[in-house]
Amino acid sequence: MTKLNTPVKVDRKISRNDPCLCGSGKKYKKCCINISTSIEKTGENINNIDSIPRCRLCGKTSQLTKTECCDNWICNDEYKYVVYSYARNSCLRNHWRYTLCGYHHVNGHTGNWKDCNECLKAYKTEMYVYMGTNEYNFEKLENPPQYEPTECSKCGKIIKLGEDGYSSSGSKYLCEKCTNKKFFSRMNKTKLIK
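Bear in mind that the values here come from a model prediction, so they are computed numbers and not experimental data. (Residues numbered from 1 in each chain as written. Predicted model: local features only at pLDDT ≥ 70, side-chain atom pairs only at ≥ 80, totals over all residues. Heavy atoms only, no water.)

Trainee: Give a description of the pattern of salt bridges that names residues and reports values.
Mentor: For the structure on display, the rule yields three salt bridges. As a salt-bridge pair, E139 and K114 come within 2.8 Å of each other at their nearest N and O atoms. Taken as a pair, E139 in the loop between helix 5 (125-133) and strand 3 (150-151) and K114 in the loop between helix 3 (100-106) and helix 4 (117-122) lie far apart in primary sequence, 25 residues in all. Assessed through its relative accessible area of 49%, E139 is described here as partly exposed. For K114, the salt bridge goes to E142, with nearest N and O atoms at 3.3 Å. Remark: E142 occurs in the loop between helix 5 and strand 3 and K114 occurs in the loop between helix 3 and helix 4; sequence separation between them is 28 residues. With relative accessibility at 18%, the residue K114 sits in the buried group. On the accessibility criterion, E142 (56% relative accessible area) is exposed. Within this structure, K114, E139 and E142 form a network of salt bridges that share partners. (Salt bridge = Lys/Arg side-chain N within 4 Å of Asp/Glu carboxyl O. Helix = DSSP H or I, 4+ residues; strand = E, 2+ residues; numbered from the N terminus. Buried < 20%, exposed > 50% of the residue type's maximum accessible area, 1.4 Å probe, protein only.)

Trainee: I'd like a rundown of the packing of aromatic side chains, residues and numbers included.
Mentor: Under the defined criterion, the tally for this structure stands at four aromatic pairs. On the basis of an interplanar angle of 40° and a centroid distance of 6.0 Å, the ring pair of Y98 and Y136 is categorised as tilted. Residue Y98 is found in helix 2 (residues 91-98), and its partner Y136 is found in the loop between helix 5 and strand 3; the two are separated by 38 residues along the sequence. Residue class for Y98 comes out buried when judged on its relative accessible area of 9%. Here Y136 falls in the buried class, since its relative accessible area comes to 11%. The ring of Y98 has R88 sitting right over it, with the charged end atom 3.8 Å from the ring centre. It is R93 that lies over the ring of Y81; its NZ or CZ is 3.7 Å from the centre. (Phe/Tyr/Trp six-rings, centres within 6.5 Å; stacked < 30°, edge-to-face > 60°. Lys NZ or Arg CZ within 6 Å of the ring centre and 35° of its normal.)

Trainee: Describe in detail the nonpolar core, supporting the description with residues and values.
Mentor: Of all hydrophobic cores here, the largest spans 19 residues; its most connected members are L100, C152 and I159. Elements with a contribution of two residues or more to this core: helix 3, helix 5 and strand 6 (172-175). The greatest single-element share of this core, amounting to four residues, is contributed by helix 5. For I159, the residues in contact, after removing those within four places along its chain, are E126, T150, E151, C152, D164, Y166, Y173, L174 and C175. (Core = buried A, V, L, I, M, F, W, Y, C linked by side-chain atoms within 4.5 Å. Contact = heavy atoms within 4.5 Å.)

Trainee: How would you summarise helix 2 if you had to cite specific residues and measurements?
Mentor: With six of eight residues buried, helix 2 lies mostly within the body of the structure. When we look at burial in helix 2, the residues that qualify are C91, L92, R93, N94, H95 and Y98. Against strand 1 (64-66), strand 2 (73-75), helix 3 and helix 5 lie the buried residues of helix 2.

Trainee: I'd like a description of a negative patch on the surface, backed by residues and values.
Mentor: A cluster of like negative charges, contributed by E135, E163, D164 and E176, occupies part of the molecular surface. Within the secondary structure, E163 is located in the loop between strand 4 (158-159) and strand 5 (166-169). The class of E163 is exposed, set by a relative accessible area of 58%. (Patch = residues over 30% accessible without salt bridge, like charges linked within 9 Å, V, L, I, M, F, W, Y side chains within 5 Å. Areas by Shrake-Rupley, 256 points an atom, 1.4 Å probe, with all protein chains shown as cover. Lys, Arg positive; Asp, Glu negative; His and termini not counted. Charge placed at Lys NZ, Arg CZ, Asp CG, Glu CD.)

Everything listed here is a matter of coordinates, which is why it stays silent on function.
What follows is the structure, given as structure tokens:
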């Protein structure tokens, strides 16, 4: 895949069925051909891939919008998300839902998200670090604070709060496996009572 912000040099004419230069994995005719055609009409060089707006997370060049929080190009694809699916298939939703930048903006905090004490207080330190350093950020938190890893209260397994499944009650956390055991144990007891 083409690295973002890296000019692409082409020695031959691009065919409609060639892989697109932007690195999306789509054929050129299904991706950047319309942008390329408009660039060629204005006399710009299609080989200068930097002149094409693209999603700063995935690199796609179609159906883009600018983020309200940080004014970066991003896929306008929130319609792909299915409610309660917990899927992470939308660049736009991933940015506003799983980053401090998005959280900071949605909650109307003032100043820069990297220096915001309200954001820092809103999350457990591990989640704060995850929200400021994950792949959905355009800029990452510099010098994130140190934290102790979260352990399952039942089996002691390390739980990555930003990535793993878990349940919590107060300050106690259960990994996905222990949560399922507890849930099915309760279900079976309920069935036996009936």
